[in-house]
Structures are given as C-alpha cells and as structure tokens.
Amino acid sequence: MIEIKNLHKSYPIGKDKLHVLKGLNLHIKEGEFVSIMGSSGSGKSTLLNIVGLLDVHDEGEFYLNKQLIEKLDEKKAAILRNKFLGFIFQSFNLITYKTALENVALPLYYKGIGRKERQKIALEYLDKVGLKDRANHIPSELSGGEKQRVAVARALVTEPKVILADEPTGALDSVTSKSVMDLLKKINREGMTVFVITHEEDIAAETDRIVRLKDGIIMSDEKVKKKVEA
Amino acid sequence: MFDFDRWIEIFQTISKNKLRTVLSGFTIAFAILLFTLLFGIGNGLKHTFEKQFAGDSQNSIYVNSGSTTKPYKGLQSGRKIQFRNDDTKFMNEKFEDEIQFFSPNIQRNAQAIYKGEQNRYNIRGVYPDYQPLEEAVMQEGRFISALDIKRKAKVIAIGRLVEKDLFGNLSAMDKNINLDGLSYKVIGVFSDPGGDNDERYIYTPFSTMQSIYKENDEVDYFGLTFNPKLKVDDAIAFSNLLTKVLKEKHNVDPRDQAAIRVFNYAEGTKNVQQFMTVLNVIILFIGIGTLIAGIIGISNIMVYIVKERTKELGIRKALGATPKSIIGMILMESIFITAVAGYSGLLIGVFTLRAIGDSLEEAYFIMNPSVETYVVTGATIILIIAGTIAGYIPAKRAASIKPIVALNDE
C-alpha cells in the first residue's frame, strides 16, 4: 500500500539545510496497523506529511497504492488525497462553523457527491463512531474525544485506502485516548490500513507494528507481541 | 459557473461568519452610499444653477430703453429714449444673420374679466417669434400668427394659470375675455417652463396692442434670440455691437448705461458654464476619491479574510480541495458580498436623497439631488471588480500555500 525507498527530505534554514529524513525504507502492506514512534525532531511528522501528500520529498521513491508519486501539482495531490487518504490530526482540524455532520460530509463535497447523498453517507459514518445524536452540534459544543471521533468519521467517509493519524490522542486524556484507539483498531479490523504517528509508548503498543525513528533514520521495525486478551 | 452545491457552501460560510460578512459588506455599502449622496448633492447644486437660468431661451437678449444720464451732441441728459417701429425694422435688417427670433413688445397691466371671475394680468403685444423666445409650449390651440398681426385681430393666447384662474377646470378655448373693457377671443393656452409667473401672461398681436394702448408707433422693448450657431463670446460681441448702433441711432453717449440697456443671457450663461465646469470637476474628484477609499477598504478586508481563513483553507485542501476550488470559493463569496452590499448602499443612498431632497431644496441651495442610474451602477461594478482583484491575489497565495503550512497556521 505504501512503499518508500531511500527517501530524503531536507528543509532550508537560512543558507543551511536541515536534513530531516536520511534515506528511509519502509513498506506498509494493505490492512496493516502501523505506528511510527519517535521523539520530536525525529522526522516522524515530516514522514507523515510526505505520505499524506501534504509535502513533497527531495529524493527516493514513494509509491502510494502502487502509484509512483512524483512531480505532483496541487490539483493532482488534492485529488489523490481525496481518493486515497483520510487524515486525523492532533488538533482535530474541524471547521469551527460547520456542524459535525457538515464536517464529515465535506470531503464528499470535494469528491463531487450530491448534497442529499453526502448527508446520508456522513450520518452513517457518524453513527459508526457513535455520534449520530451529536450530528447537528458544532465542534465547540463537543468534547475533545467527540471532536476526534468526528475527525475519524471524516477521515473514513470517502472510503480511503489509508488512514493517516498524526498524534491522534495527543490532545486527549487517557480514557478518551483509549476510546479513540479502540475506534482505530475496529476500523483496522474491518480491513483499513492505519498509519499512526505518536510519541507515546502505550499508544504505539496498541498497534500491530512499531517503526522507531531517530534523527531521520529508522532504528527498529518490529511486530508487537500481542497480549492475550482477557 | 452556476453550481448549486457551491452556492450552498458559500451561503453557509457567509451566514456562519456574520462579523466578517457585515464588516466587508459595510465597507462596500458605505462607500457606495457616500458616493451616491455626494454625487447626488453635487448634482442637486448643478440642477439649482441650471434652473436659475432656465425659463427663457438661453440665447435670449432683451433690449430696454430708459432716460439718458449724460448730455450728448448738444442734447441734455434726462431725455427719455423711446423705441419706435422704425427701430424694429432697423434691427431686423441690420442683424439679419445674427438674429434668430425677434419680437417688439408692448406690455401693460390689464383687468381681465370672464363671467364674474376677474383678475389683473400683464398683457403683452408681441410677434409670433415671441413664443420660442419665451419657450412657451402650446397646450391647446395656437400662438399669435403673422396674419393676426396683419389684421390687428383681437385674439389672445393665455397662460395655463390664467385659464385656471378664470375658467377653473373648463377650457378657455374660443371663449371671449374682457380686457380693460374690450373683448378678446382666446385662440390658445400655453405652459411655460419658467414657472408660475410666466404662466400668468396674456399675449396678443403686437399691432392690436399698439393701436389700442399707444395709438402711435411706439415700442416698449425688444426681445430677441441670437443665432444659436454663435459661440458665447461671439454672442456677447453681437450684443455689444447692437448696443453701440442703437446708441448711435438714438444719439446716446456710448458711455451712458441707462438710456439703452441690453441684457444678454449669454453673459450669464458664460459664467454659469464656467461654474458648472468647476462643479463637475469637484463632483468627479469627490466621486473618484470615495471609490478609491472603498477599493482600499475592500482590499484590506479581503487580505484579512484570507489570512483569517488560512487554516480552514488548509483543512479543506487536506480533505481534497483543489487550488481552483479554493480561489473560486473566496472570489464568489467576495463578489456576492460586494454585489449585495453595493446594491443596498445604492438603494439606501437613492432613498435618502429622495427623502431629504425636499428639505434641502427649502433650506439650502440644492435642488432635486439625484444620481444617474448608470453612474452608481458603474461605481458598484467598479467596486465589485476591485473586490474581485483584491480577493484574487491573497486567495491565489492562500491556495498555493502547502496545506501543511496552512494547517499549522494559528
């Protein structure tokens, strides 16, 4: 699903360059639940931005759904994002003046789906994250956990290939964190590829595979030993 | 262009962001309102000056006589100058090319009676040419004709208000009115743009008037219009020449200002024209200034709006909005707000002008303040275009920002 070969990325800082990603190789197959661990500055957010087509890489190859990503203009990137990717952000990034339902329906608008159809689908997904009764509330009327669940519904609504979650529990307490992670697990069990970035060990432990990044290099890449569920 | 879904999206953004909408709408509405008011009041001033000099033909010249104030060629001062029929002939022949319409005139105040209704009116004996001179418009019947002059017919053309005074709502046509004891037949009723006074005159053939009130060949004064092909300066030169030759003919000192007085509307016209030019420039200047202020206002607001929405635009891009759809959304919003606000400003302005129009006319020197539709519409369109351009530049920049940068914008 996601294949990365010798990926480099650097940012210009004044005259110098900050080399953030120094030749990453990563292969994520369909249906995997992967977390990228690393402290701040390890390059994990940069990696997510490149995978999410929010930023471009300098060197190396990147295949998304077997499609080589290169020389993307904004329009193509937007269409690919809409088609293949669903985003979940630490700060939720809901549009403040739209209701939960409208937020969830927005990606469908950019997909060109009619209004009634949009609302129907959006409501289904809100139901899926357990927020059907909050459909007509605006984000400021929702709790942090609820906001993130709306964001999850929004990420899922276009039936993407990959869900990209950037510190999805970073702004949540441990109880709501768990409920959001349970939701992601449930989605993964239904066959969705989920790609989580976090710096919290216990969040990473919830996933199936942990990739540890340090200073732009992959330190380790291992399967999580599943605890026997009681 | 017309995409129902997109409009719903835009209406939602507009209605959910009231402060922003009101702020930008207010700037536009206020600019157009000011524009309309200033332009309207400026036009009102213009109308006042136009009106002051309306009522008579703008190329009229009136020639009056008085008494000499200076001795000349052995003649004493204080001598009364009297125009006569030979002056009519003399002027007509000498200035054939320069004169367009010409009429000698005798004027008296007379008692008019019709079936018990009576009133005093000024009655004027004139030539047929006096009608265009006075810019009288026949409502019914006809004016004095050449044949009436020849026959010394006892016929009259009366002003609209004379008919109203004496006949009420009935028609005066073909009725006989008694003027100072003699009966005259009404052959026409006229209206006059000069207003009430000019509509209370009674016109009769010059020859009839002369034979009844003068019993000789005396003329009270002359009214004429100069050839409209003459430029203002040429017209003034003509009336100066006319004054000079008449003074020579009647042995009047060239420096004597009282004996023969020629009043040329062209002189007033010249001043008014200059004043109007200045006024027009001022109005134009004010208009352009207001528009520029409006353009700057809307530009600032558009920059602010796009800045404020950077994060939202980033979210939209992450969810699959293309740069084109982002620019389109911002522009359509801005065009919609400017158009609606501009139109309301225009309406408020026009209605305000109507509402205060009358009181301005009474208290100040401003008459019928109004604005031509194409002027305000043009101003609104200019503002819409300016708003579009002003919105396009930051929208394009926002659309080209990497979504990740926009998302991090706080």
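All values derive from a computational prediction rather than experimental measurement. (Residues numbered from 1 in each chain as written. Chains lettered and ligands numbered in written order. Predicted model: local features only at pLDDT ≥ 70, side-chain atom pairs only at ≥ 80, totals over all residues.)

Participant: What is the right way to read helix H6 (residues 160–167) of chain B from this model?
Facilitator: In an α-helix, one turn spans 3.6 residues, which is why side chains three or four residues apart end up on the same side. Burial in H6 of chain B covers these residues: Arg160, Leu161, Val162, Glu163 and Leu166 of chain B. In the stretch just after H6 of chain B, Gly168 of chain B is the one whose phi turns positive, near 65 degrees. (Buried ≥ 20, exposed ≤ 12 C-beta atoms within 10 Å, placed from the backbone. Helix = DSSP H or I, 4+ residues; strand = E, 2+ residues; numbered from the N terminus.)

Participant: I'm lost on the sheet that holds strand S3 (residues 33–37) of chain A in this one. Help?
Facilitator: The strands that make up a sheet are held in pairs by hydrogen bonds between backbone atoms, and each pair lies either parallel or antiparallel. Residue and element names in this part refer to chain A. Ordered by their spatial adjacency, six strands build an open sheet running S6-S7-S8-S3-S9-S10, and the pairing between neighbours is mixed. With one partner strand each, in any of the chains shown, strand S6 (85–88) and strand S10 (217–223) form the two edges of the open sheet. In this sheet, adjacent strand axes meet at a mean angle of 15 degrees when their direction is disregarded. Relative to strand S8 (residues 193–198), S3 runs parallel, the two sharing five bridges. Looking at S8, one finds that Met37 is bridged to Thr198. (Pairing = 2+ DSSP bridges. Axes fitted to C-alpha atoms, helices over the stretch in contact; angles between N-to-C directions.)

Participant: Just to check I follow, could you spell out the nonpolar core for this structure?
Facilitator: Within soluble globular proteins, side chains that are nonpolar tend to cluster in buried spots. Counting residues in hydrophobic clusters, the biggest one holds 109 residues, and the most contacted among them are Val104 and Ile163 of chain A together with Ile32 and Leu383 of chain B. The biggest single contributor to this core is helix H2 (residues 18–52) of chain B, with 10 residues. Not counting chain neighbours up to four residues away, the residues in contact with Ile32 of chain B comprise Gly342, Gly345, Leu346, Gly349, Val376, Ala379, Thr380 and Leu383 of chain B. If you look at the next biggest cluster of nonpolar residues, it comprises 53 residues, including Tyr114, Ile202, Phe226 and Leu246 of chain B. (Core = buried A, V, L, I, M, F, W, Y, C linked by C-beta atoms within 7 Å. Contact = placed C-beta atoms within 7 Å.)

Participant: Would you mind showing me how to read helix H4 (residues 115–128) of chain A here?
Facilitator: Residue and element names in this part refer to chain A. Between the first and last C-alpha of H4 there are 20 Å, a value that for 14 residues agrees with the 20 Å anticipated at 1.5 Å per step. Where H4 is concerned, the buried positions are Arg118, Ala122, Tyr125 and Leu126. The buried residues of H4 occupy one face: seen down the axis, they fall within an arc of 105 degrees. For H4, the exposed residues lying more than 90 degrees away from the buried face are Lys116 and Glu117. In this fold, the buried residues of H4 make contact with helix H3 (100–111) and helix H5 (144–156). Of the residues flanking the end of H4, it is Gly130, one or two places downstream, whose phi is positive at about 75 degrees. (Expected span 1.5 Å × (residues − 1). Arc of directions from axis to C-beta.)

Participant: What exactly am I supposed to notice about the interface of chain B and chain A here?
Facilitator: A common measure of how large an interface is: the accessible area buried when the components associate. Contacts between the two partners involve 21 residues from chain B and, on the opposite side, 19 residues from chain A. Elements that contribute at least two residues to the side of chain B that touches chain A include exactly helix H1 (4–16), helix H10 (310–318), helix H11 (323–363) and helix H13 (403–407) of chain B. Considering only residue class, the side of chain B that touches chain A consists of nine nonpolar, five polar and seven charged. (Nonpolar A, V, L, I, M, F, W, Y, C, P; charged D, E, K, R; others polar.)

Participant: Teacher, can you tell me more about the sheet that holds strand S5 (residues 67–68) of chain A here?
Facilitator: Residue and element names in this part refer to chain A. Across the sheet, which stays open at both edges, the four strands sit in the order S2-S1-S4-S5 with antiparallel pairing between neighbours. Only two strands of the sheet have a single neighbouring strand rather than two, namely strand S2 (16–28) and S5. Judged from the five bridges that link them, strand S1 (residues 2–13) and strand S4 (residues 59–64) form a sheet pairing that is antiparallel. Paired with Ile2 across the bridge in S4 is Leu64. Relative to the sheet, helix H1 (residues 44–51) contacts S1, S2 and S4, its axis offset from that of S2 by approximately 65 degrees.

Participant: Would you mind going over the pairing of strand S1 (residues 60–65) of chain B with me for this structure?
Facilitator: Side-chain positions along a regular strand alternate between the two faces of the sheet. Residues and elements named next belong to chain B. Sheet analysis places S1 next to strand S11 (residues 221–226), joined by five bridges and oriented antiparallel. By the bridge assignment for S11, Asn64 is matched with Tyr221. Note: S1 against strand S12 (residues 260–264), five bridges, orientation antiparallel. Residue Ser65 lies in a different strand from S12, and its bridge partner there is Ile260.

Participant: Looking at this structure, I do not really get the pairing of S8 of chain A. What am I missing?
Facilitator: All names here are of chain A. Judged by how many residues are buried, S8 sits mostly within the fold: six of six residues are covered. With burial as the criterion, each face of S8 is covered, one bearing Thr193, Phe195 and Ile197 and the other bearing Val194, Val196 and Thr198. In this fold, strand S7 (residues 162–166) hands off to helix H6 (residues 174–189), which returns the chain to S8; that crossover is right-handed. (Right-handed = clockwise from strand over helix to strand, strands pointing away.)

Participant: I tried to follow the confidence of the model for chain B on my own but got confused; where do I start?
Facilitator: A low pLDDT score tells you not to read the predicted coordinates there in detail. Counting all residues, the mean pLDDT for chain B is 84, and 94% of those residues have values of 70 or more. On the interface metric, ipTM, the complex scores 0.87, and its pTM is 0.65. (pLDDT = per-residue confidence, 0-100.)

Participant: What is the right way to read the packing of H3 of chain A against H4 of chain A from this model?
Facilitator: Packed helix pairs are characterised by how far apart their axes lie and by the angle those axes make with each other. Residue and element names in this part refer to chain A. For the pair H3 and H4, the least separation of the axes is 8 Å and the interaxial angle reads 120 degrees. The angle between H3 and H4 falls in the class oblique. For the pair H3 and H4, the crossing hand works out as right-handed. Where H3 approaches H4, its residues Ala100, Leu101, Val104, Ala105, Leu108 and Tyr109 are matched on the opposing element by Arg118, Gln119, Ile121, Ala122, Leu123, Tyr125 and Leu126. (Parallel < 35°, antiparallel > 145°, perpendicular 65-115°, else oblique. Left-handed = near helix turned anticlockwise from the far one by under 90°.)

Participant: How should I be thinking about unusual backbone geometry in this particular structure?
Facilitator: Residues apart from glycine generally show negative phi values, whereas peptide bonds are mostly found in trans. One non-glycine residue, Asn6 of chain A, adopts positive backbone phi at about 50 degrees. Tracing the backbone through its elements, the reader meets Asn6 of chain A in strand S1. Classification of Asn6 of chain A as partly exposed rests on a count of 13 C-beta atoms within 10 Å. Of note, the phi angle at Lys115 of chain B is positive, near 45 degrees, even though the residue is not glycine. Within the secondary structure layout, Lys115 of chain B lies in the loop between strand S3 (99–114) and strand S4 (117–126).

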